[in-house]
Amino acid sequence: QVQLVESGGGLVQAGGSLSLSCAASGLTFGRYAMGWFRQAPGKEREFVAAISWSGGGTYYADSVKRRFTISRDNAKNTFYLQMNSLKPEDTGVYYCATDRANKGLRVGASFYDYWGQGTQVTVSS
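No experiment lies behind these values; they were computed from the predicted model shown.

Scanning the entire structure with this criterion turns up 6 salt bridges. Salt-bridge contacts for Asp 90 lead to Arg 67; the nearest nitrogen and oxygen are separated by 2.7 Å. Here Arg 67 lies in the loop between strand E6 (58–60) and strand E7 (68–73) and Asp 90 lies in the loop between strand E8 (78–83) and strand E9 (92–99), a separation of 23 residues in the sequence. The burial state of Asp 90 is the same as that of Arg 67; both residues are buried.

Turning next to the state of the cysteines. Per the counting criterion, the structure on display carries 1 disulfide. Between the sulfur atoms of Cys 22 and its disulfide partner Cys 96 the distance amounts to 2.0 Å. Between Cys 22 and Cys 96 the disulfide shows an S-S torsion of about 60 degrees. By sign, it is right-handed. Taken together, the positions of Cys 22 in strand E3 (residues 18–25) and Cys 96 in strand E9 put the pair 74 residues apart, joining distant regions of the chain.

The subject of this paragraph is the sheet that holds strand E1 (residues 3–7). Strands in a sheet are paired, the pairing made by backbone hydrogen bonds, and the direction either parallel or antiparallel. What the 4 strands build is an open sheet, ordered E1-E3-E8-E7; its pairing is antiparallel. Whereas interior strands pair on both sides, the edge strands pair on one side only; in this sheet they are E1 and E7. In this sheet, neighbouring strand axes are inclined to one another by 15 degrees on average, regardless of whether the strands run parallel or antiparallel. The sheet contact formed by E3 and E8 spans 6 bridges and is antiparallel. Paired with Leu 20 across the bridge in E8 is Leu 81.

Calculation notes
- Residues numbered from 1 in each chain as written.
- Predicted model: local features only at pLDDT ≥ 70, side-chain atom pairs only at ≥ 80, totals over all residues.
- Heavy atoms only, no water.
- Salt bridge = Lys/Arg side-chain N within 4 Å of Asp/Glu carboxyl O.
- Helix = DSSP H or I, 4+ residues; strand = E, 2+ residues; numbered from the N terminus.
- Buried < 20%, exposed > 50% of the residue type's maximum accessible area, 1.4 Å probe, protein only.
- Disulfide = S-S within 2.5 Å.
- Pairing = 2+ DSSP bridges.
- Axes fitted to C-alpha atoms, helices over the stretch in contact; angles between N-to-C directions.

Right under this line is the structure:
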């Protein structure tokens, strides 16, 4: 079955960096767009970034542009989220997900079909 496993979360001070990874199995990883979402306590899950199947296209939420970078290594069935200049408002559980429809880079969580279990990112002020 399809499995997505996130890693790399943790506690960091404001201004610091973290790198998240999402390892995929049970699907032809290189065919599909992938995305990162996050959910803060008491808030809805929100889009963070997405990357096309080839890695040639990326899209970011305005709140993370120029601070976060999404990338992928199809040979390793893994994609990544490099987070720099972290702010307390970046705190939340970060989830990776697949969008197998290949209809462009989409921001709605309902378009993503498989999800990881999430990894906690906490940014202290």
